[in-house]
Amino acid sequence: MSERSLFEQTTEYSYRDPAAYIENGVIYLFFTLVENTPERQYFYVAMSQSTDFINWSKPRVLTEKDNLKNYSSPGNVIKYKGEYYLCVQTYPREDGQIYGNENSRIFMMKSKNLINWESPVLLKVKGDISESDMGRMIDPYILQDNDKFMCFFKQNGVSFSTSTDLINWKFQGFTECGENVCVLKNNDEYIIFNSPENGINIMTTKDFKSFNDLTTLYLNQQDKPWAKDRITAGFVLEVSSVSPYKYAMIYHGDNEDNYLFGASLAVAFSNDLCVWYE
């Protein structure tokens, strides 16, 4: 893998769906850890820490071992009223399904210190309806925008809801988009990173009604045998406090030659969100 790689898949584990948060010079990396056993795969939310994007602590699992839940795909961390919130999905495959079934939902985990996390709580992002009526939803991301929050999740492209307290949500609609959405605000414009069939797509909007498709990044995929099947799940954050670059994009590359969901994590850097270095 490249010198900027983070975690490389093995016969026992693969690493997917990164999200990161930086505080006091420490990079907190959250991701899906896929455990391969002779009987089946298990998904977990796991984390690691670094101060330089090079040396990482041993991954630590944050969620339970349960194929009915398979907590995974951490979206991002936000800080609100002195506490930290991490949105995640469930990805049930209890009947041997290839992908998460119709019971897939999104949840929130809470922490006081970014290390110890409470059990996930269901996010009712479609308002006051029953869980059974919510429909399949995965890949959450929550944007903190002034005095409100916007939750994005994969359903009918990307769906989005708003809240002022992270508890009560109002569904706002959906638009055509890839998965694993990550949203940055730049003045009066929103930059949306998302994953089509392959690559990291970038589009912009000012009102979440009309969208401008800018480009799709492939990050020299042809030179990465560990990402030969797909470059995807790009998570972008501002990193100037811990790096000579302004932005980092952490992503995963798929190589499913040996098993389904085989993937490795890597990172690229940029100063302008246009040109990326590894």
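Residues numbered from 1 in each chain as written. Predicted model: local features only at pLDDT ≥ 70, side-chain atom pairs only at ≥ 80, totals over all residues. Heavy atoms only, no water.

### Topic: the sheet that holds strand β18 (residues 230-238)
So, step 1. Strand order in this open sheet of four strands is β1-β20-β19-β18, and the pairing throughout is antiparallel. Two strands lie at the open edges of the sheet, namely β1 (5-7) and β18, each paired on one side alone. With strand direction ignored, the average angle separating the axes of adjacent strands in the sheet is 25 degrees.
So, step 2. As paired strands, β18 and strand β19 (residues 247-254) are joined by seven bridges and run antiparallel to one another. Looking at β19, one finds that Phe 235 is bridged to Ile 250. (Pairing = 2+ DSSP bridges. Helix = DSSP H or I, 4+ residues; strand = E, 2+ residues; numbered from the N terminus. Axes fitted to C-alpha atoms, helices over the stretch in contact; angles between N-to-C directions.)

### A word on the sheet that holds strand β6 (residues 77-80)
So, step 1. An order of β6-β7-β8-β9 is seen for the four strands of this open sheet, with the pairing classed as antiparallel. The sheet is open, and its two edges are formed by β6 and β9 (121-122), each paired on a single side.
So, step 2. Here four bridges tie β6 to strand β7 (residues 83-89), and the two strands are oriented antiparallel to one another. Its bridge partner lying in β7, Tyr 80 is registered against Glu 83.

### Looking at the side chain of His 252
So, step 1. Relative to the helices and strands, His 252 is located in strand β19.
So, step 2. Among the polar contacts made by the side chain of His 252, one reaches the main-chain amide nitrogen of Asp 17 at a distance of 3.0 Å.
So, step 3. Those residues in contact with His 252 that lie beyond four places of it in its chain are Tyr 15, Arg 16, Asp 17, Pro 18, Arg 230, Ile 231, Thr 232, Ala 233, Ala 263, Ser 264 and Leu 265. (Polar contact = N/O pair within 3.5 Å; in protein donor to acceptor, adjacent residues only side chain to side chain. Contact = heavy atoms within 4.5 Å.)

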